[in-house]
Amino acid sequence: MKVIHTVAEMRAARAGAGDLGLVPTMGYLHEGHLSLVRRAKTEGAATAVSIFVNPTQFGPNEDLGRYPRDLPRDLGLLEAEGVDLVFVPDAAEMYPPDFDARIEIGGVTEVLEGAVRPGHFAGVATVVAKLFNIVQPTRAYFGQKDAQQSVVIRKLVRDLDLPVEVIVAPTVREADGLALSSRNSYLTPDQRAAAPAIYRALSAARDRFAGGERDAEALREAMRAVIAAEPQMRIDYVSVADAQTLRELAAVQGQALASMAVRLGTTRLIDNLVLSA
Ligand code: AMP
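Worth saying up front: this structure is predicted, and the values here are computed from it rather than measured. (Residues numbered from 1 in each chain as written. Predicted model: local features only at pLDDT ≥ 70, side-chain atom pairs only at ≥ 80, totals over all residues. Heavy atoms only, no water.)

## Thoughts on the overall build of the protein
Then step 1. When its secondary structure is counted, the protein shows 10 helices and 9 strands.
Then step 2. A globule of 277 residues ought to have a C-alpha radius of gyration of about 19 Å, and the protein, at 19 Å, matches this closely.
Then step 3. With 30 positive and 35 negative side-chain charges, the protein shows a spacing of 2 Å between the two charge centroids. (Helix = DSSP H or I, 4+ residues; strand = E, 2+ residues; numbered from the N terminus. Rg over C-alpha atoms; globule rule 2.2 N^0.38 Å. Lys, Arg positive; Asp, Glu negative; His and termini not counted. Charge placed at Lys NZ, Arg CZ, Asp CG, Glu CD.)

What follows is the structure, given as structure tokens:
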């Protein structure tokens, strides 16, 4: 496994790799990330993983400074998976002092996470475009856990004709339903015990939907009711939206994306389920 720190070295290593799958991450790897790595390995000749805590996707009052990091552990996990290339640039390598570019994807970035985290998806779209240009993967793998991010990246690739196939893989969960996330490491034992309410709320919407409920507000209300029973939890948003446009629905026809963001103390967690008949 080659560990690479510079754009120039990454380009040189990529040149010899042929068919290549890329898994972009911010590190502090868990089974969710590793599920993407395994998928990439089964579908391609070579596999690259990037580890970069991208400062431009964090707001001024967000958790950039305390975001968990453990590079030696991450490299051990990736080595055990048989990854070929790991790209670990530092911020100065990705953003030299005169860096001035910004990719704005309209529409789908303005709602949900984008409404609560202004500038977040411009940071994501710009860094992912850079990673695609540097690594030039055949395929790139993202998690359904960050459903809106996947929609934004598909749009980035389509609108800018980037020659990459985007693959979105299912969310990996703990036994109690909590979606794996590097940010789960922030939770106190009490908060960790409360956190599965997020999946219970999404499941309540899914169950109501399976029972025939198509009124989107009734589905949102079913989710809010589960979260309201957890006094430590505060809702940022609860949504039932079109899975492609991410616009809030009045009534669900066909598919919809049920999603939410909640705060547990200073930790912000997101999750979603696709509702489909
Ligand atoms: P992150 O390191 O949080 O930026 O995540 C890197 C990639 O892993 C993104 O495409 C995420 O959507 C994906 N990912 C994060 N958590 C999970 C999970 N629990 N299941 C599946 N994919 C995940």
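## Notes on helix α7 (residues 147-159)
Then step 1. With 13 residues, α7 extends 18 Å from end C-alpha to end C-alpha; this agrees with the ideal 18 Å at 1.5 Å per step.
Then step 2. Within α7 the residues assigned to the buried category are Ala147, Gln148, Gln149, Ser150, Val151, Val152, Ile153, Leu156 and Val157.
Then step 3. Among the structural elements, α5 (113-116), α6 (120-135), β5 (139-143), β6 (165-169), β8 (256-264) and β9 (267-275) are those in contact with the buried residues of α7.
Then step 4. Residue Asp161 follows α7 closely and has a positive phi angle near 55 degrees. (Expected span 1.5 Å × (residues − 1). Buried < 20%, exposed > 50% of the residue type's maximum accessible area, 1.4 Å probe, protein only. Contact = heavy atoms within 4.5 Å.)

## Remarks on the pattern of salt bridges
Then step 1. Counted by the stated rule, this structure contains 19 salt bridges.
Then step 2. Across the pair Arg102 and Glu104 runs a salt bridge, and its minimum N-O distance is 2.8 Å. Pair check on accessibility: Arg102 and Glu104 agree, each one exposed.
Then step 3. Among the charged side chains, a network of salt bridges with common partners joins Glu217, Arg220, Glu221, Arg224 and Glu248. (Salt bridge = Lys/Arg side-chain N within 4 Å of Asp/Glu carboxyl O.)

## Notes on the domain arrangement of the protein
Size of an interface: often given as the accessible area lost when the parts come together.
Then step 1. In terms of domains, the protein is made up of domain 1 (2-169) and domain 2 (182-272).
Then step 2. Taking only C-alpha atoms into account, the centre of domain 1 sits 26 Å from that of domain 2.
Then step 3. Facing 21 residues of domain 1, the contacting portion of domain 2 comprises 21 residues.
Then step 4. Here domain 1 meets domain 2 over a buried area of about 1,700 Å², counting both sides, of which 52% is carbon and sulfur.
Then step 5. Per-residue buried area on domain 1 facing domain 2 is highest for Arg66, Leu112 and Glu113; these three make up 33% of the total on that side.
Then step 6. There are 2 salt bridges connecting domain 1 and domain 2.
Then step 7. Between Glu113 and Arg268 there is a salt bridge, with its nearest N and O atoms 2.8 Å apart.
Then step 8. Taken together, the links from domain 1 to domain 2 amount to 10 residue pairs in polar contact (both at pLDDT 80 or more).
Then step 9. Of all elements in the fold, only α5 and α7 reach the threshold of two or more residues within the side of domain 1 that touches domain 2. (Domains from an automatic or database assignment. Buried area = accessible area lost by both parts, 1.4 Å probe. Polar contact = N/O pair within 3.5 Å; in protein donor to acceptor, adjacent residues only side chain to side chain.)

## Describing the site of the ligand
Then step 1. Lining the immediate surroundings of the ligand are 17 residues, of which Met26, His33, Asp146, Val172 and Leu180 lie closest.
Then step 2. His33 places a side-chain nitrogen or oxygen 2.9 Å from an oxygen atom of the ligand.
Then step 3. Measuring from an oxygen atom of the ligand, one finds a side-chain N or O atom of Asp146 at 2.7 Å.
Then step 4. When isolated, the ligand has an accessible area of 480 Å², and the protein chains bury 93% of it.
Then step 5. Those elements that provide at least two residues to the shell around the ligand are β2 (20-25), α2 (31-43) and β5. (Near = heavy atom within 4 Å. Areas by Shrake-Rupley, 256 points an atom, 1.4 Å probe, with all protein chains shown as cover.)

## With respect to empty space enclosed by the protein
Then step 1. Here the structure, examined in full by the defined rule, presents 1 cavity of 30 Å³ or more.
Then step 2. For the largest cavity, the calculated volume is near 50 Å³.
Then step 3. Lining the largest cavity, in full, are Lys145, Leu178, Ala179, Ser181, Asn184, Ile198, Leu269, Ile270 and Asp271.
Then step 4. The element contributing the most residues to the lining of the largest cavity is β9, with 3 residues. (1 Å grid on protein atoms, 1.4 Å probe; cavity = no way out; pocket = protein on both sides within 12 Å on 5 of 7 lines; lining within 4 Å. Points joined across faces, edges and corners; volume = space filled by probe spheres on them.)

## Structural notes on the layout of surface pockets
Then step 1. Here the second largest pocket is characterised by a volume of approximately 260 Å³.
Then step 2. If you go around the second largest pocket, you meet 14 residues; those closest to its centre are Ala147, Val151, Arg154, Ala243 and Gln244.
Then step 3. Here the lining of the second largest pocket takes 6 residues from α7, the largest share from any one element.
Then step 4. Among the residues forming the lining of the second largest pocket, the class breakdown is 7 nonpolar, 4 polar and 3 charged. (Nonpolar A, V, L, I, M, F, W, Y, C, P; charged D, E, K, R; others polar.)

## Regarding the sheet that holds strand β3 (residues 46-51)
Strand pairing in a sheet takes place through backbone hydrogen bonds and is either antiparallel or parallel in direction.
Then step 1. With parallel pairing, the 6 strands of this open sheet are ordered in space as β1-β4-β3-β2-β5-β6. Two strands close off the open sheet at either side, each with one partner strand: β1 (2-4) and β6. Within the sheet, the average angular offset between the axes of one strand and its neighbour, ignoring direction, is 25 degrees.
Then step 2. Pairing geometry for β5 and β6, over 5 bridges, is parallel. From the neighbouring strand, Phe142 faces β6, where its bridge partner is Val168.
Then step 3. Across the sheet, α2 is in contact with β2, β3, β5 and β6; its angle to β5 comes to roughly 155 degrees.
Then step 4. Those strands touched by α6 are β2, β3, β4 (85-87) and β5, and its axis lies near 150 degrees from that of β2. (Pairing = 2+ DSSP bridges. Axes fitted to C-alpha atoms, helices over the stretch in contact; angles between N-to-C directions.)

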